[in-house]
Structures are given as C-alpha cells and as structure tokens.
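Structure assessment
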Amino acid sequence: MDFEEILPLTSAQKAYDRRQFIESAGKGLIAATVVGGIAPIASASAESLDSSAENPGPMSAAIKVVGPNQHAASEGERTNYATILPKDKRVGYAIVGLGELTLEAILPGFGSAKNSKVVALVSGDAEKAKNVAMQYDVPQKNIYNYQNFDDIKNNPEIDAVYIVLPNSMHEEFVVRAAKAGKHVLCEKPMTTSSKSAERMIDACKKADKKLMVAYRIQYEPNNKQIKDFARQKKYGKVKVITSTNVQNIGDPKQWRLNKALAGGGSLPDIGLYDINTNRYILGEEPYLVNASIYTTPNDPRFKEVEEMVMFQMYFPSGAVANNTCSYGAHNSKHYRCYADNGGWFGMDPAFDYKGLMPEVGHAEGKAENKMNPKLPEKDQFALEMDHFSECVIENKMPYTPGEEGLQDQKIMEAIYESARTNKPVQLERIEKLDAFRGTMPTEG
Ligand code: NAD
C-alpha cells in the first residue's frame, strides 16, 4: 500500500448493530490505523484501549486515515490524517429548515464531519427539499414537513435533529423532537426568552435526550487558542475586552426584523456573539450589565426591533467587556482582550465562518511586536456537529448544553432592561468557572 489504507472492520465490530452502537455508553475512542502496511492502534486513553481490546465499545470502529507528509518537521505540525467513523456508525441528523445557514454552511459541513451524517430533511417547501435531498444523497422517504415532523419518531435512521429555523420557532421544534425521542442540536439564539429556554431544557430532560446550543465559536481552534491565552494568563490578567459585531441588514420584511419571529434585533442575532465569546474566553459569568440602545428614527427596517446596542458586562475577576452590535453599519466583526502584563490578543475578523485572523500585540524589550498566530482552518460546523455526535455516542454532556443558552437569554433580558430603565442591572453572582459547560471538545 503506497500512501493510505483503511483497516477493514473486524467481524466483532461489524456485528455491532448501529442503534445499539449509538445507544450504548462509550468506552473511549480507539482508532485503528494502517500506514504503509503497519497497523498500530492509537487511543485517546490507556483505559479505553484496554477495555476495547476485550469488548469493542461504541467508538471502537473509528478508523484513522493517514495521508503522506512531504514536509520537514521545521515546516510545522501537519494535520494530514482524519479519525473517522464508518458511515453506518455515524449519528444520523434530520435538518429542520432549509434556509441560508443550512444551505451555505451546515449541509456542506457534513462533508468534513467524521462522526455525523445527514439522513433526513424537514422543510415547508417540498420541491426545494427534493432537490436538496438529491444533492446530499438523502432518501426521498426521509423528507418531512412541519406538519408530519412528529413521524420522525418512527424513523430509526434519525438519531438527532438540528433546528435551523427562525428564533421563535426553536422551542416548538426542540420540544417536538425530544418527544419524538431524538437528541437536539439547536441554532443560536436558543430562543426568545429565558422562560422558553427553561421549557426546552425541561422537555429534553423529561425525554432523557441531549440538548446542545450551536455555539460554533466554542468549537473553533483559533478561538480556543485565544481562550487559552486568557485562561493561562499568557500576558497577565485580562482587564478589558472590546467586542464588535455589526452588519448592514437588508429587506425590511425579513423575519430577522419581525419581533415575534426574531425576539429582538441586532442583540439576539449578532450581539449574542459578543456576549457568548466574552463568557467563553473568560470562563466567567457577568454579575452586572449596563446598556443603551439607539435606533435611527424612520428607518423602515427598524419598526419592531432595535438597530444597535452598546453594552458593558462586569465579571467577578474585575474584567470588564465593552461591546457593540448593530444592524445598520457595514459588516465588521472583531474582538480584543487587553491584559495587564505586556500584551493583548484577539481576532479580526472574528465570528465569520471562514478566514478568522488571531492577533497578538506584546512588548519585547523596546519593541512592540504584532503577530498573527493562525492555526489551520477547520470547518466550524463539522467540529460542532461531531462534538454533539460524540456526546450522543459516548453519553456525555455537550460543552454548550441548553443551560449555556439559558444563561445568554438571562443576560440579554438584563441588557434590554438596563437600556429600558437607563440603569445598570444586576445578575446572579456566579463565581464558578465554566459554570454551565459540559464535556470539553476533544477535537478543534
Ligand atoms: P433563513 O431565513 O435563511 O432560513 C430560515 C428557514 O426557516 C427557511 O428555510 C424558511 O423557509 C423556514 N421558515 C419556516 N417558517 C418560517 C417563517 N414563519 N418565517 C420565516 N422562515 C420560516 O434563516 P437562517 O439564516 O438560516 O437562520 C436560521 C437560524 O439559524 C436562526 O436561528 C439564526 O439565528 C441561526 N443562524 C446561526 C448562524 C451561525 O453562525 N451559527 C448563522 C446564521 C443563522
């Protein structure tokens, strides 16, 4: 074998029925690799290697596919390999809503996914669904609409549902998915109020199904690097974060500008990235917010929802974040963390699907250095879906569970209250780090 070869499944692995595979609690990830005829077993932990050797666990069918490497070690670490699950062992998703995000990013993301596959589509437009199903090899029998959605309970190919609908529709479809016995990945913002978020969490708990909010930034390697700089105090303690997410919105008739469907304007749609990324980087929860809102008078786009929000969040360590979001200015997304011992770090652009650019400024002798320590780009949607799939397969709590989304809903409500009353608003003081996060992602 010249460059790469996939180790065939053992008969024991083949005997593992797919459903049994998804439902059994995992024993860890074992990867069988063949490179140039040698077949070592690589594992995530010695424990998983041992237990799987006796009895192949749910993830034991993972295969490591290795490509050639023509580069000297000095050229940097390469990622010319993938650890993948065979297709019949992957978590099968039904995607609900075939709008911009689904077509532009989520469905293409399955091409890079290692544990996840798309098996069903749910849409109000049968013709569109038929064509999209053809593109992604989804059987026509697995196309549902919003009315017969509950029939997914009878489809064993569907393990999980990914909700990609307007914000105020998330609750209904999360609850119906859980009642149908499926795990649920829900787009951000989780919903339009904290009460609604609580109902979604309760419904999934009652059904004993997992719920994750699709905060892709928390699964993306460059953002993780920035988080590590902050948590490891690479340049000292972070004192100030500034974060901006603005874009110029178009058609006044779209659902994002309809209060009943969106829940709000720029804050829940794009200001949420400022909030959630501040919290992710620091690992802390704000105990106080202070906000103001400005909307251009007579702009036909902003009859129901706000145009821009300027808000500060105060954290227990003493860090303060100063954030802006707007629907009325040219697209720009960036953030910066200012630390107290010789450096700052951040991202510009930040929050995009591709092309993120980390930035670091630090003092070295008399020089002020600026650098861009960029890690190889990975598909954020694939990373996020694969994390959820791994949690389903190994019965783990997702890193961004429903509780993470609920906390953002509470913060947004406090921001709106502060802007309305023109006063700072207190939130519950939470000292614990990563108070609402589950199992750390293994990839990314
Ligand atoms: P979109 O308008 O492009 O698509 C929404 C889909 O919902 C469409 O297929 C539409 O037909 C369907 N729909 C069903 N009922 C509807 C109704 N009453 N009104 C309008 N549409 C209806 O929206 P999108 O940009 O794909 O956003 C969907 C969700 O994904 C939102 O919650 C949004 O916040 C989220 N989102 C997340 C990211 C991210 O980076 N994670 C990016 C964009 C959008």
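All residue numbers here refer to positions counted from 1 along the written sequence of the relevant chain. It should be noted that, the model being predicted, local features are given only for residues of pLDDT at least 70 and side-chain atom pairs only at 80 or more, the latter also being counted only at that level, while totals for whole chains, interfaces and linings use all residues. Note: side-chain values were computed over all heavy atoms of the structure, leaving out hydrogens and water.

**Some remarks on the overall build of the protein chain**
Along its length, the protein chain carries twelve helices and 19 strands. The buried share of the protein chain, taken over its 444 residues, is 52%. We call two residues contacting when some pair of their heavy atoms lies within 4.5 Å. The long-range fraction of contacts in the protein chain, counting pairs at least 24 apart against all pairs at least 6 apart in sequence, stands at 70%. Carbon and sulfur atoms provide 51% of the accessible area of the protein chain, an area that totals close to 19900 Å². Only DSSP runs of H or I with at least four residues qualify as helices, and only runs of E with at least two residues qualify as strands; both kinds are numbered from the N terminus onward. The rule is simple: take the accessible area with a 1.4 Å probe, protein chains only, and divide by the maximum for that residue type; under 20% is buried, over 50% is exposed, in between is partly exposed. Method for areas: the Shrake-Rupley scheme with a 1.4 Å probe, in which residue coverage is limited to the protein chains shown.

**Focus on the site of the ligand**
Near the ligand you find 21 residues, and of these E100, N167, K188, R216 and W255 are the closest. Two N or O atoms form a polar contact when they lie within 3.5 Å of each other; inside protein one atom must be a possible hydrogen donor and the other a possible acceptor, and for residues adjacent in sequence the pair counts only when both atoms belong to side chains. Interatomic distance of 2.7 Å between a backbone N/O atom of E100 and an oxygen atom of the ligand. For the ligand, a nitrogen atom lies 2.9 Å from a polar atom in the side chain of E187. Contact with the protein chains hides 78% of the accessible area of the ligand, taken as 840 Å² for the molecule alone. Mapped onto the shell around the ligand, the elements with two or more residues apiece are α4 (100–109) and α10 (266–282). Working definition: residue near molecule or strand if any one of its non-hydrogen atoms lies within 4 Å of it.

**So, the confidence of the model for the protein chain**
Summing up the model confidence of the protein chain, the mean pLDDT is 89 and the portion of residues at 70 or higher is 86%. Note that residues 1–16 has pLDDT below 50 and, in this model, 29 contacts with residues that lie over four places away or in other chains. Across residues 25–55, confidence stays below pLDDT 50; counting only partners more than four residues off in sequence or on other chains, it has 59 contacts. A residue's pLDDT is the predictor's confidence in that residue, given on a scale from 0 to 100.

**Let's talk about unusual backbone geometry**
The amide bond that connects K188 to the next residue, P189, takes the cis arrangement and shows omega of -15°. Along the chain, P189 falls in the loop between β9 (183–186) and α7 (194–206). For the peptide bond that leads from D348 to P349, omega is 0°, which places it in the cis range. As for its position among the elements, P349 is in the loop between β16 (343–347) and β17 (358–364). Unusually for a residue other than glycine, D208 sits at a positive phi of about 55°. For D208, the location among the structural elements is in the loop between α7 and β10 (211–213). At D434, a residue that is not glycine, the phi angle is positive and equals roughly 45°.

**Considering the packing of aromatic side chains**
Only the six-membered ring of Trp is used, alongside the rings of Phe and Tyr, when aromatic pairs are assigned; centres must lie within 6.5 Å, and planes under 30 degrees apart are stacked while those over 60 apart are edge-to-face, with the rest tilted. Applying the stated criterion across every chain, the model contains ten aromatic pairs. Residues F229 and F345 carry aromatic rings whose centres are separated by 5.6 Å and whose planes lie at 75° to one another, so their mutual orientation is edge-to-face. Here F229 is found in helix α8 (residues 221–231), whereas its partner F345 is found in strand β16, with 116 residues between them in sequence. In textbook terms, an aromatic cluster arises when at least three aromatic residues are bridged by ring pairs, as seen for Y146, F149 and F173. Directly above the aromatic system of W344 lies the positively charged group of R336, at a separation of 3.4 Å from the ring centroid. Ring-over charges, as used throughout, are those where CZ of Arg or NZ of Lys falls within 6 Å of the ring centre and within 35 degrees of the ring normal. We note R429 situated over the ring of Y287; from NZ or CZ to the ring centre the distance is 4.4 Å.

**As for the nonpolar core**
One recurring pattern in soluble globular proteins is that nonpolar side chains are buried together. Residues enter a nonpolar core if they are buried and are Ala, Val, Leu, Ile, Met, Phe, Trp, Tyr or Cys, with the set joined through side-chain atoms within 4.5 Å. Counting residues in each nonpolar core, the largest one holds 103 residues, and the members touching the most others are Y93, I95, Y162 and F345. With eight residues, α10 is the single largest residue contributor to this core. Setting aside its immediate chain neighbours within four residues, Y162 contacts Y93, A94, I95, V96, I106, L185, E187, A214, F381, E384 and M385.

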